[in-house]
Amino acid sequence: MGDRLTSLVVVVIAGAAAAVVNLFRLPLFFEAEFLFGQFLVLLVAVYRGPLAGLACAVIATWPLVDAWGSYWATLTFGMEALFVGLACRFVRFNVIMLVMIYWIAIGMPVSWYSISGYEHFLDSHRTAILIKQLTNAIVYAHITALVMYLPVTRKLLGFDQKPVTLSIKEQSSHIISSLLITCGIGFFFFNLDQSIKNSGSDYSQVHDIKHEQLKAQLGEVFSRKITAFSEYRETLAQLWNDPEMRQQSLLSFNQRYPQFRTMVITDQHGDLLHSSPEELVKNVKSQNENINVADRDYFTHAISSDQTYVSPAFVGRGFGKDLIVAISSGVPDLLNRPSNVGIIEGSFILTNLRHVKSLLDNIDPSVEAILIDQNGQVVLASEQLQLPPLQTFELVKGVDTFYEHSLVTIKKTGGEPGREVYYLAESLFPWGWKLLSLQNEARFADVIERSLIIFAVTIVLVVLISHILAFAISHSWSYHMTRLNELIERGDEFNRELDEFENNDQLPDEIVNLYQEIKNSRQAIVKMNTELQNTVAERTEKLQIVNAKLNKMASTDALTGLDNRRQFNQKLDEMWQHSQKNLSPLSMLIIDIDYFKKINDTFGHPVGDQVLVQLAEQLQHFNDDRIGCLARLGGEEFCLLMSGQEHTDVISLAERIRKHIEEYAFKIGSGKPFELTISVGVATINPTRFTASKLYQLADNALYEAKHSGRNQVRYSHLD
Ligand SMILES: Nc1nc2c(ncn2[C@@H]2O[C@H](COP(=O)(O)OP(=O)(O)OP(=O)(O)O)[C@@H](O)[C@H]2O)c(=O)[nH]1
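Thresholds applied
- Residues numbered from 1 in each chain as written.
- Predicted model: local features only at pLDDT ≥ 70, side-chain atom pairs only at ≥ 80, totals over all residues.
- Heavy atoms only, no water.
- Helix = DSSP H or I, 4+ residues; strand = E, 2+ residues; numbered from the N terminus.
- Contact = heavy atoms within 4.5 Å.
- Areas by Shrake-Rupley, 256 points an atom, 1.4 Å probe, with all protein chains shown as cover.
- Phe/Tyr/Trp six-rings, centres within 6.5 Å; stacked < 30°, edge-to-face > 60°.
- Buried < 20%, exposed > 50% of the residue type's maximum accessible area, 1.4 Å probe, protein only.
- Lys NZ or Arg CZ within 6 Å of the ring centre and 35° of its normal.
- Pairing = 2+ DSSP bridges.
- Axes fitted to C-alpha atoms, helices over the stretch in contact; angles between N-to-C directions.
- Parallel < 35°, antiparallel > 145°, perpendicular 65-115°, else oblique.
- Nonpolar A, V, L, I, M, F, W, Y, C, P; charged D, E, K, R; others polar.
- Core = buried A, V, L, I, M, F, W, Y, C linked by side-chain atoms within 4.5 Å.
- Domains from an automatic or database assignment.
- Expected span 1.5 Å × (residues − 1).
- Arc of directions from axis to C-beta.
- Salt bridge = Lys/Arg side-chain N within 4 Å of Asp/Glu carboxyl O.
- Near = heavy atom within 4 Å.
- Polar contact = N/O pair within 3.5 Å; in protein donor to acceptor, adjacent residues only side chain to side chain.

Undergrad: Looking at this model, I keep getting lost on the overall build of the protein chain. Mind explaining?
TA: Helices and strands together make up the secondary structure of the protein chain, namely 21 helices and 19 strands. Excluding contacts between residues fewer than 6 apart, the proportion of contacts in the protein chain whose partners are at least 24 apart in sequence is 63%. Surface summary for the protein chain: the accessible area is close to 36200 Å², and the carbon and sulfur share equals 56%.

In structure tokens, the structure reads:
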């Protein structure tokens, strides 16, 4: 399979596996989730290169596009794979450090931008989400580092590709820090999550309590008035037939509840009977004969019911244009209950509800409240919210709930949703109004962010410290190995006692054993080497002796010990060259025993051999400095070579030899002594003019002549 096709298969399978793992995400706060599938993407980036990593990231983030509704995850994780893959191609790397550098320098800034782009609800949690990303990345990078060196990973993803980091120090550093940090981060994150959850629920409890307090306070304000109206309608029913008393009681009722700017009493048809202050009716009546309120809400609700009615906020018409709320109650017909004979109504101008307003404003610096009527209009709202009365608004639900709290933003009539996000608590009052209390979520987000920033800094420090620790531990493991390695390279150190290894109690057993093994084998090698050298020297010496003997044998005649023909030829050649160079004459004597055949025939070959040996011994007496070579050429033929000698001297030497042999008594064993003669052929040449073979030819001819002239003679030939 081609390398590209292999990469494609790896990318598709690892990407699909990572996508499946990414389906099982660990949910954290808000939309933040921990995912683990990315470790497979990193492995592909490390083993198969940046482009394969990028492709794998695209496949792996498929579930996130759907779940998170954006392609930002594909972008950031894709860039991460590219970054890690590229870095691994060019530097000796540590995958955890690379991932950390990527997220701090690139990933987090890109995410910062992306979050603001698509979801304002996450705005206040940007830092939290980014820190989650960094922590998540540190975790899956450690998982990557843990499984990266497993043989199975290499087999599945790397095939025969070598990972960049291979030394014991680097591998053990990766593994130690990975173990430490994966456990450490898990523990820290679990604790952090718990503490955020706890403080979140504390926060929401406090919010609920504040809300309940406010609700109770507001309820008391209104229900006291409602109760007062319910009681007063009974009083009024008693004195309904006495107009004077009605007016009086109305005035004193209003005095008791001065928050009501005006109070009126109408008959069952809505015609105004009394007012407080009294002039109101008078003034109005002076302009208009009959005031009828039958079309007003507060009348229609009160006249047909025995419940006290609290109206929505509205702009008053009859007695001014103020923004008011009316409380009205039907006055029962004592003879014909439950029908009413008229109503009593009190209105207070909203701006006069200072007490209520201050309750809304001062709940808590982070909590705002809105009081809304049955029409969904604002009656009163905390100053901060800037919601004027009668404004209708919409609560826009947030993307999520946070520890059972709804998250909302406020959208004013026709406008955009505000950017502030609140936790919502709401309650309905018996009279139909609602109390909404909104706790600004940014406050809690600040608290979370602060602890997350501390957490992130701690994690980064933990990562760095654990790497330093891991490095130190693995260094101590590999230090002695490295030292041993150096020693092996230097070699000779093992011949000495090394204190560092010999007398060191701190050394791990494995190192001590390894050292001993190496030392022993080293010493064995040295010993073997010395023995080998001695043997070789011994053998060489023997060989040289044998060689010398062989040489000797090759150049010596076995019977007589004189030079043989081979040696003779070589010496003749050398001496001819020497004489040619020195311009000196070269001479040759060929000596042949006379009638040697007879000796052989008479006494036998062994005796013949003895004769040859004795003759050689006798010739040796003449072998002085002048003789360049004394050889037996074969059979009973001997030869002498001389250089630089005068021809006459050579002839005289030949004569002396012939004479010496003639006079010499040969004796074999205990046999009788006998005599024999020799014939000698002598020749001398000028080597600058004649060759060595010419010299031989001349000497041989001279010998032939000596033989044919009766033997026991010296004959010579001379060419100048
Ligand atoms: N014992 C012995 N005899 C040898 C050796 N080499 C040659 N001969 C004998 O030497 C004899 C030489 O005889 P010839 O060449 O006929 O000459 P000769 O008998 O010496 O007579 P002339 O040279 O003519 O005086 C032969 O019988 C050879 O067999 C040897 O190494 N040992």
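Following the structure, the description resumes.
Undergrad: What exactly am I supposed to notice about the packing of aromatic side chains here?
TA: Two descriptors summarise a pair of aromatic rings, namely the distance from one centre to the other and the angle between the planes of the rings. By the definition in use, this model includes 19 aromatic pairs. Taken together, a centroid distance of 5.7 Å and an interplanar angle of 20 degrees make the contact between Phe-603 and Phe-674 stacked. Within this pair, whereas Phe-603 is found in helix H18 (residues 596-603), its partner Phe-674 is found in the loop between helix H20 (647-663) and strand S18 (678-685), the two being separated by 71 residues in sequence. On the basis of relative accessibility, which here comes to 46%, the residue Phe-603 falls in the partly exposed class. Counting every residue linked through ring pairs, the aromatic cluster contains Phe-222, Phe-229, Tyr-232, Phe-253, Tyr-257, Phe-260, Phe-348, Phe-429, Trp-431 and Trp-433. Sitting over the ring of Trp-240, Arg-246 keeps its end group 4.6 Å from the ring centre. The side chain of Lys-598 reaches across the aromatic face of Tyr-595, ending 4.9 Å from its centre.

Undergrad: Whenever I open this one, the sheet that holds S18 confuses me. Can you help?
TA: Consider a sheet: its strands pair through backbone hydrogen bonds, and that pairing is either parallel or antiparallel. Spatially, S16-S17-S15-S18-S19 is the arrangement adopted by the 5 strands of the open sheet, whose pairing is mixed. In this open sheet, the two strands that pair with only one neighbour each are strand S16 (627-634) and strand S19 (714-719). Strand-to-strand twist in this sheet, taken as the mean axis angle between neighbours without regard to direction, amounts to 15 degrees. For S18 and S19, the ladder comprises 6 bridges, and the chain directions are parallel. Across the sheet, residue Gly-681 finds its bridge partner in S19, namely Arg-715. Its contacts with the sheet place helix H17 (residues 565-582) against strand S15 (586-593), S16, strand S17 (637-643) and S18, and it is angled at close to 20 degrees to S17. Against the sheet, H20 engages S15, S16, S17, S18 and S19, with an angle of about 170 degrees to S18.

Undergrad: Can you walk me through the packing of helix H14 (residues 441-490) against helix H16 (residues 509-555) in this structure?
TA: Packed helices, taken two at a time, are described by the angle between their axes plus the distance between the axes. The contact between H14 and H16 brings their axes to 11 Å, and the two run at 10 degrees. Between H14 and H16, the angle falls in the class roughly parallel. In contact with His-480, Met-481, Leu-484 and Ile-488 of H14, H16 contributes Ile-511, Leu-514, Tyr-515, Ile-518 and Arg-522. A per-class count over the contact of H14 with H16 returns 7 nonpolar, 1 polar and 1 charged.

Undergrad: Got a minute to help me understand the nonpolar core in this structure?
TA: Soluble globular proteins: nonpolar side chains tend toward being buried together. In terms of nonpolar packing, the biggest core is built from 66 residues, with Val-44, Val-84, Trp-103 and Ile-138 touching the most fellow members. It is helix H7 (residues 126-148) that contributes the most residues to this core, 12 residues altogether. In terms of domain composition, this core takes at least three residues from each of domain 1 (3-166) and domain 2 (197-448). Setting aside chain neighbours within four positions, we find Val-84 in contact with Leu-42, Val-46, Val-95, Leu-98 and Val-99.

Undergrad: Even after reading the chapter, I still don't get unusual backbone geometry, so can you show me in this structure?
TA: Keep in mind that most residues, glycine aside, have a negative phi and that most peptide bonds are trans. Put simply, Ser-276 and Pro-277 share a cis peptide bond, and its omega is 0 degrees. Among the structural elements, Pro-277 can be located in the loop between strand S4 (272-276) and helix H11 (278-287). In this model, Arg-337 is joined to Pro-338 through a cis peptide bond whose omega is 5 degrees. Mapped onto the secondary structure, Pro-338 falls in the loop between strand S7 (323-332) and strand S8 (340-349). Even without being glycine, Leu-583 reaches a positive phi, approximately 55 degrees. Phi is positive for Arg-711, close to 75 degrees, though the residue is something other than glycine. Inspection of the secondary structure assignment puts Arg-711 in the loop between helix H21 (692-708) and S19. Using a relative accessible area of 27% as the deciding quantity, one classes Arg-711 as partly exposed.

Undergrad: Could you clarify how one ought to interpret helix H5 (residues 72-90) in this entry?
TA: Side chains of residues three or four places apart in an α-helix project in the same direction, reflecting 3.6 residues per turn. Here H5 is 19 residues long and its end C-alpha atoms lie 27 Å apart, about the 27 Å a rise of 1.5 Å per residue gives. Those residues of H5 that fall on the buried side of the exposure criterion are Ala-73, Thr-74, Thr-76, Phe-77, Gly-78, Glu-80, Ala-81, Val-84, Gly-85, Ala-87 and Cys-88.

Undergrad: How should I be thinking about helix H3 (residues 50-60) in this particular structure?
TA: Along H3, the positions that sit buried rather than exposed are Pro-50, Ala-52, Gly-53, Cys-56, Ala-57 and Ala-60. Taken down its axis, H3 places every buried residue within 155 degrees of arc, on the same side. Contacts from the buried residues of H3 go to helix H1 (3-23), helix H2 (38-48), helix H4 (62-68) and H5.

Undergrad: What exactly am I supposed to notice about the pattern of salt bridges here?
TA: When the charged atoms of two side chains lie near each other, side chains of opposite charge can form a pair. Counted by the stated rule, this structure contains 19 salt bridges. Measuring nitrogen to oxygen at the nearest pair gives 3.2 Å for the salt bridge that ties Asp-624 to Arg-626. Overlapping salt bridges bring together Arg-233, Glu-234 and Arg-337 as one network.

Undergrad: Is there a simple way to think about the site of the ligand in this case?
TA: Close to the ligand lie 16 residues; Tyr-595, Phe-596, Lys-597, Asn-600 and Asp-609 are nearest. With respect to the ligand, the backbone of Lys-597 contributes an N or O atom lying 2.8 Å from an oxygen atom. Here an oxygen atom of the ligand and a side-chain polar atom of Arg-632 are 2.9 Å apart. Burial of the ligand by the protein amounts to 68% of the accessible area it has alone, namely 660 Å².

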